[in-house]
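As a plain string of letters, each chain reads:
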Amino acid sequence: MNNTIQMKLELVAIPVSDVDRAKAFYTEKIGFHADHDHRVREDLRFVQLTPPGSACSIAIGVGITTMQPGSLEGPLMVVSDVKAVREELIKRGVDISEIDVQPWAIFAYFRDPDGNRWSLQQLPSRA
């Protein structure tokens, strides 16, 4: 009998100060899909957005997290071609870093309008 525990990360809260501005940034500039936008009550609005091809979504809104807007560092999205994705994001008006080549992966970095820091990672090809 296999008792292996399986866990799937499916939602990460992103602290933002202006939900509509953040939603526009993530959908129009980064290309996330808008899954849900529901105001439960005045102090609770839930917006779920999903990167193309991802099984994990982000949640922004009102009453979603106690983290300070802009305080999140570290969300990482794996892409097949950092250079191509970077070029597309630049065309969409995203302020994104130069490409950072490391022995273990290739990266580019951007921040959302609140300053939350994201990484794009291209893994090395495996022979």
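Computed from a predicted structure; not experimentally measured.

**Comments concerning the nonpolar core**
If you look at the biggest cluster of nonpolar residues, it comprises 23 residues, and the most contacted ones within it are Tyr26, Ile30, Ile60 and Phe110. Every element with two or more residues in this core is listed here: helix 1 (19–30), strand 3 (44–50), strand 4 (57–62), helix 2 (82–91), strand 7 (106–111) and strand 8 (117–122). Residue contributions to this core peak at five residues, all from helix 1. Not counting chain neighbours up to four residues away, the residues in contact with Ile60 comprise Ile14, Val16, Val19, Ala22, Lys23, Arg45, Phe46, Val47 and Leu49.

**Quick look at the layout of surface pockets**
Taken as a whole, the largest pocket encloses approximately 490 Å³ of empty space. Surrounding the largest pocket, 24 residues form its lining, Phe32, Pro51, Ser54, Met77 and Val78 being those nearest its centre. Considering only residue class, the lining of the largest pocket consists of 18 nonpolar, four polar and two charged.

**Topic: the pattern of salt bridges**
All chains considered together, the criterion is met by seven salt bridges. The residue Asp37 makes a salt bridge to Arg45 at a minimum N-O spacing of 2.7 Å. Classification of Asp37 as partly exposed rests on a relative accessible area of 35%. Accessibility expressed as a relative area gives 10% for Arg45, which makes it buried. Between Arg86 and Glu98 there is a salt bridge, and its shortest N-O distance comes to 3.4 Å. Taken as a pair, Arg86 in helix 2 and Glu98 in the loop between helix 2 and strand 6 (100–101) lie far apart in primary sequence, 12 residues in all. When its relative accessible area of 13% is taken as the criterion, Arg86 is described as buried. A residue is classified by how much of its surface remains accessible, and Glu98, at 60% relative accessible area, is exposed. One network of salt bridges, in which partners are shared, links Asp20, Lys23, Asp37 and Arg45.

Thresholds, definitions, all that
Residues numbered from 1 in each chain as written. Predicted model: local features only at pLDDT ≥ 70, side-chain atom pairs only at ≥ 80, totals over all residues. Heavy atoms only, no water. Core = buried A, V, L, I, M, F, W, Y, C linked by side-chain atoms within 4.5 Å. Buried < 20%, exposed > 50% of the residue type's maximum accessible area, 1.4 Å probe, protein only. Helix = DSSP H or I, 4+ residues; strand = E, 2+ residues; numbered from the N terminus. Contact = heavy atoms within 4.5 Å. 1 Å grid on protein atoms, 1.4 Å probe; cavity = no way out; pocket = protein on both sides within 12 Å on 5 of 7 lines; lining within 4 Å. Points joined across faces, edges and corners; volume = space filled by probe spheres on them. Nonpolar A, V, L, I, M, F, W, Y, C, P; charged D, E, K, R; others polar. Salt bridge = Lys/Arg side-chain N within 4 Å of Asp/Glu carboxyl O.

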